[in-house]
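# Structure at a glance
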Amino acid sequence: MKEVRLGIIGVGNMGTSHSKYVSQGDIKGARLTAILDHDAQAITAFEREFGKGVQTFVDEDAFFASGLVDAVLVATPHYDHAYLAIKAFEHGLHVLCEKPAGVYTKQVREMNEEAEKSGKIFSMMYNQRTNPLYQKLRELIQDGELGEIRRINWLITNWYRSQSYYDSGGWRATWKGEGGGVLINQCPHQLDLWQWMTGMLPTRMRAFCRFGQYRDIEVEDDVTAYAEYENGATAVFITTTGEAPGTNRLEITGDRGKVVVENGKLDFWQLRVPEPAFNREYTGGFGEPEAWKVEVPITGTETGHPGITQNFINAILHDTSLLAPGEEGIKGLTLSNAMQLSTWMDDWVDFPVDEELYYQQLQERIQHSQVEKKVANVSLDVDGTY
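Note that the structure is predicted; figures quoted are calculated from it, not measured.

## A closer look at helix α6 (residues 132–142)
Those residues of α6 that sit buried are Pro132, Leu133, Tyr134, Lys136, Leu137, Leu140 and Ile141. Structurally, α6 contributes buried residues whose contacts are with β7 (149–156), α8 (188–198), β11 (248–254), β12 (257–262) and β13 (265–271). The N-terminus of α6 is capped by Asn131, whose side-chain oxygen sits 2.9 Å from the backbone nitrogen of Leu133. Positive phi appears at Gly144, one or two residues downstream of α6, with a value of about 85°.

## Notes on the packing of aromatic side chains
Evaluation of the coordinates by the stated rule reveals 14 aromatic pairs. With 5.3 Å between their ring centres and 15° between their planes, Trp194 and Phe237 make a pair best called stacked. Here the residue Trp194 occupies a position in helix α8, and Phe237 occupies one in strand β10 (residues 234–240), the gap between them amounting to 43 residues. The exposure classification of Trp194 matches that of Phe237, with both residues buried. Plain terms: the ring middles of Trp344 and Tyr358 are 5.3 Å apart, the flat faces sit at 25° to each other, and that makes the pair stacked. With Trp344 in helix α11 (residues 329–345) and Tyr358 in helix α12 (residues 355–383), this residue pair connects regions lying 14 residues apart in the sequence. For the pair Trp344 and Tyr358, one class covers both residues: buried. Three or more aromatic residues joined by ring pairs form one cluster here, namely Tyr134, Trp154, Trp194 and Phe237. Its end group placed over the ring of Tyr165, Arg161 keeps NZ or CZ at 5.1 Å from the ring centre. Note that Lys258 overlies the ring of Trp269, its terminal NZ or CZ placed 5.4 Å from the centroid.

## Quick notes on the packing of α8 against α11
Between α8 and α11, the least distance of the axes is 8 Å, while the angle of their chain directions is 115°. The way α8 lies across α11 gives a crossing that is right-handed. When α8 is examined against α11, the residues Leu191, Asp192, Trp194 and Gln195 are found in contact with a partner set consisting of Lys331, Gly332, Leu335, Ser336 and Met339. When the residues that make up the contact of α8 with α11 are grouped by side-chain class, the tally is 4 nonpolar, 3 polar and 2 charged.

## Details of the pattern of salt bridges
Opposite charge on two side chains permits pairing when their charged atoms draw close. What the rule picks out here adds up to 22 salt bridges. Among the ionic pairs, Glu49 bridges to Lys20, the shortest N-O distance being 3.5 Å. You can see Glu49 sitting in helix α2 (residues 40–50) and its partner Lys20 sitting in helix α1 (residues 13–23), a full 29 residues away along the chain. Using a relative accessible area of 45% as the deciding quantity, one classes Glu49 as partly exposed. Take Lys20: its relative accessible area is 37%, and that puts it in the partly exposed class. With a closest N to O distance of 2.7 Å, Glu355 and Arg109 form a salt bridge. Here Glu355 is found in helix α12, whereas its partner Arg109 is found in helix α5 (residues 105–118), with 246 residues between them in sequence. Residue classification places Arg109 among the partly exposed positions, given a relative accessible area of 40%.

## A short note on the sheet that holds strand β3 (residues 55–57)
Here 6 strands make up an open sheet; going across it, the order is β3-β2-β1-β4-β5-β6 and the pairing parallel. The open sheet is flanked by β3 and β6 (122–124), the only strands paired with a single partner. Averaged over all pairs of adjacent strands, the angle between their axes in this sheet comes to 25°, without regard to strand direction. Two elements, strand β1 (residues 4–9) and strand β4 (residues 71–74), share 4 bridges in a ladder whose sense is parallel. Bridge assignment links Gly7 to a residue of β4, and that residue is Val72.

## Brief notes about α2
Those residues of α2 that fall on the buried side of the exposure criterion are Ala42, Ile43 and Phe46. For α2, the angular spread of buried residues about the axis comes to 100°, placing them on one side. Facing away from the buried side of α2 by more than 90 degrees, the exposed set consists of Gln41 and Arg48. On its buried side, α2 packs onto α1, β2 (30–36) and β3.

## Examining the sheet that holds strand β15 (residues 349–350)
Overall, mixed pairing links the 9 strands, which are arranged β14-β13-β12-β11-β7-β10-β9-β8-β15 in an open sheet. Here the strands that pair on one side only, and so sit at the sheet edges, are β14 (291–294) and β15. The pairing of β7 with β11 spans 7 bridges and is classified as antiparallel. Bridge pairing in β11 links Leu155 to Arg249. Most of the contacts of α6 go to β12, to which it runs at about 170°, and overall it touches β7, β11, β12 and β13. Strands in contact with α11 are β8 (204–211), β9 (220–228), β10 and β15; relative to β8, the strand with the most contacts, it is inclined by about 70°.

The rules behind these values
Residues numbered from 1 in each chain as written. Predicted model: local features only at pLDDT ≥ 70, side-chain atom pairs only at ≥ 80, totals over all residues. Heavy atoms only, no water. Buried < 20%, exposed > 50% of the residue type's maximum accessible area, 1.4 Å probe, protein only. Helix = DSSP H or I, 4+ residues; strand = E, 2+ residues; numbered from the N terminus. Contact = heavy atoms within 4.5 Å. Polar contact = N/O pair within 3.5 Å; in protein donor to acceptor, adjacent residues only side chain to side chain. Phe/Tyr/Trp six-rings, centres within 6.5 Å; stacked < 30°, edge-to-face > 60°. Lys NZ or Arg CZ within 6 Å of the ring centre and 35° of its normal. Axes fitted to C-alpha atoms, helices over the stretch in contact; angles between N-to-C directions. Left-handed = near helix turned anticlockwise from the far one by under 90°. Nonpolar A, V, L, I, M, F, W, Y, C, P; charged D, E, K, R; others polar. Salt bridge = Lys/Arg side-chain N within 4 Å of Asp/Glu carboxyl O. Pairing = 2+ DSSP bridges. Arc of directions from axis to C-beta.

Right, here's the structure in full:
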């Protein structure tokens, strides 16, 4: 194969964005040949912007049976990600999936199983993995420069979203339409980076999600989570969409040093003597290990969405290693599912997360939300007001 014929499923904000850079020829070895969207108006808007050189479909079965594509990029609302990826694998197509991998790990596990059976290339659109800063931090951790991880703190509150943002789409910020709030929409990148850089998943977690705290929505918009690891390390993760100005500060401490990432900068302090050795040998009372601030060279340019797409195409054409293998999408989702489940149960959640319990709790919230909406509609019909 000399060229990959790419089909994009879903041409909302992200699907349209992907269509632009592929259509412009920014992805070597790829050509946009077809799109699928159930919304005829979205198709019309696409044709108005891109012309009619790309085959358009509103019928899902016709799209998959067309023979016009070798690979698909799934950019639909979250619940459909796993379903569409599975259908693509069944039709012998390679898959690049937008984040998150899905809403609940049960469906994503099924997607991963189908991907493995198909033997096709499967990647996630984790564009933050193309950031040289995070790549370097992962390298420092994996090479042991920080020693054994002891503490992880991530304060990520610069995901500000107004009420008008949530009102812009009926599926947004609902249990039925989106499956969650800040954890499923804004934070999948941080949740992915958290486990990708450290190579660790917790043994248990206690989280406190607040639902509709700052906006008129039914899902979480403010989260504080505490996690514990098998080696004794701990982590705190805090996020919200209702705070301004926001902060994005990541701090990781090991027994050989500490890294702080903030404002696009990485600061690294390395201990001259590992903390356990210093503590074992020091007899002077007050004192602490000598720390050297080390300049860490960070080279390269963040390539974002096009970078992940190019990597996906290169994997198909040239057997290039994937930067964001699709099967890893379940890891970050496990963290967000655990945070929600811990809040719902008002208790600790152990890893691996009870997938059936999470699914059951999610369905209860969907049903409760639908009942509330029916009651509200009845009230509106009676007197014209809420």
